[in-house]
Amino acid sequence: MELVSSEFSCLEGTCCYCSQEAAQQIRQALDSLPLHAAHFLGTGDYHYVSLFWLERLQEPFALVLFDNHPDDQPCAFGSDILSCGSWVADARELSMCKAVAWFDGNGSWQGDKVPEGLPLYLSVDLDVLSEDFIETNWNQGRVGLQKLQEALAEAVSGHSVLGADVCGGPAAESGESDFTRSLELAQTLISFL
């Protein structure tokens, strides 16, 4: 699966929270990008962009999330604002979303059991990994890279993958080597898809 940049940090009203105006701009920009791909979203501050990919899916699917945080909390500023911590709650409301499974930062599965054969959308926040593998701008889990790769392989067994995304790690401004590490991890994680 091809890794495509879907990073929108240059837009106003997008860091951690997404205004309605920014959401409209992002949705329009995504129209020109392939859906069946792995999308690199940048830092975890933009994980909500996953929702915009999910909105484009035209068949029933399960969201399989790998993240140190569940990202399904009510947004602190009301339902008109989307946040990196509330997007999963919005995804659950999509008519095509039939299940949400979450692999947490302790290496445990939570949420729904995904029905056999139901197509998947995978979403990985690198903050699920321990600091031994990458330092992100959020508190991190304790999962090792091999354990995460095994969990991804387990999740996709018996399922087709409609699309995927990866976010997390430090911002590009924090240093090219750190940002490059995020991209390398993203490529490693999606290499078998």
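Everything that follows concerns the structure shown earlier in this document.
Here goes a summary of the coordinates provided. Within each chain, residues carry numbers counting from 1 in the order of the written sequence. Whole-chain, interface and lining totals are the exception, using all residues; otherwise, since this is a predicted model, local features are given only for residues with pLDDT of at least 70 and side-chain atom pairs are given and counted only at 80 or more. Side-chain metrics rest on all non-hydrogen atoms present in the structure, leaving aside hydrogens and water.

### A word on helix α1 (residues 20–30)
How we decide: The cut-offs for exposure are 20% and 50% of the maximum accessible area for each residue type, with area from a 1.4 Å probe on protein chains only; residues under the lower value are buried, those over the upper are exposed, and the others partly exposed. Helix and strand definitions follow DSSP, with helices as H or I runs of at least four residues and strands as E runs of at least two, each counted in order from the N terminus. When we speak of the arc, we mean the arc of directions from the helix axis to the C-beta atoms.
If you check which residues of α1 are buried, you get Ala22, Ala23, Ile26 and Leu30. Down the axis of α1, the buried set is contained in an arc of 100°. They therefore lie on one face. Seen from the open side of α1, the exposed residues pointing more than 90 degrees away from its buried face are Glu21 and Gln28.

### Re the pairing of strand β3 (residues 38–42)
Side-chain positions along a regular strand alternate between the two faces of the sheet. Applied cut-off: Note on pairing: DSSP must find at least two bridges between two strands before they are called paired.
In terms of burial, β3 is a largely internal element, five of the five residues being buried. Pairing of strand β1 (residues 3–5) with β3, which is carried by three bridges, proceeds in the parallel orientation. When the bridges of β3 are listed, Ser5 appears paired with Phe40. Bridge analysis of β3 against strand β9 (residues 161–167) gives four bridges, and the strand direction is parallel. Bridge pairing in β9 places Gly42 opposite Cys167.

### Topic: the sheet that holds β9
Stated formally: For helices, the fitted line uses only the C-alpha atoms of the stretch in contact; every axis is such a line through C-alpha atoms, and the angle between N-to-C directions lies from 0 to 180 degrees. We call two residues contacting when some pair of their heavy atoms lies within 4.5 Å.
Strand order in this open sheet of seven strands is β1-β3-β9-β8-β4-β6-β7, and the pairing throughout is mixed. The open sheet is flanked by β1 and β7 (109–111), the only strands paired with a single partner. Going from strand to strand, the sheet's axes swing by 20° on average, the running direction of each strand aside. As judged from the three bridges shared by strand β6 (residues 97–103) and β7, these two strands associate in the antiparallel manner. Residue Phe103 lies in a different strand from β7, and its bridge partner there is Trp109. Packed onto the sheet, helix α4 (residues 145–156) meets β4 (61–66), β6, β7, β8 (120–125) and β9 and runs at close to 165° relative to β8.

### A look at the environment of Trp53
Within the element layout of this structure, Trp53 appears in helix α2 (residues 49–55). On the basis of relative accessible area, Trp53 is assigned to the buried category, the value being 0%. When the C-alpha atoms of Trp53 and Leu30 are compared, they prove to be 7.8 Å apart, with 23 residues separating the residues in sequence.

### Some remarks on the environment of Leu120
Among the structural elements, Leu120 can be located in strand β8. Sequence-wise, Leu120 and Ala164 are 44 residues apart; in three dimensions their C-alpha atoms are separated by 8.5 Å. In contact with Leu120, not counting residues within four places along its chain, are Ala62, Val64, Val114, Ala155, Val156, His159, Ser160, Val161, Leu162 and Gly163.

### A few points about the environment of Ser86
Topologically, Ser86 is positioned in the loop between β5 (82–83) and α3 (87–92). On the accessibility criterion, Ser86 (4% relative accessible area) is buried. Here the alpha-carbon distance between Ser86 and Pro74, two residues 12 residues apart in the chain, equals 5.5 Å.

### Describing the packing of aromatic side chains
Keep this limit in mind: Only rings of Phe, Tyr and Trp enter the pairing, Trp through its six-membered ring, and a pair is recorded when the two centres are within 6.5 Å. The plane angle decides the type: under 30 degrees is stacked, over 60 is edge-to-face, the rest tilted.
Applying the stated criterion across every chain, the model contains five aromatic pairs. Between Tyr46 and Tyr48, the aromatic rings sit 6.3 Å apart at their centres with planes inclined by 50°, giving tilted as the arrangement. The residues Tyr46 and Tyr48 share a single accessibility class, namely buried. Ring centres of Phe66 and Phe103 lie 5.7 Å apart, and the angle between their planes is 50°; on these two criteria the pair is classed as tilted. You can see Phe66 sitting in strand β4 and its partner Phe103 sitting in strand β6, a full 37 residues away along the chain. For Phe103, a relative accessible area of 1% corresponds to the buried category.

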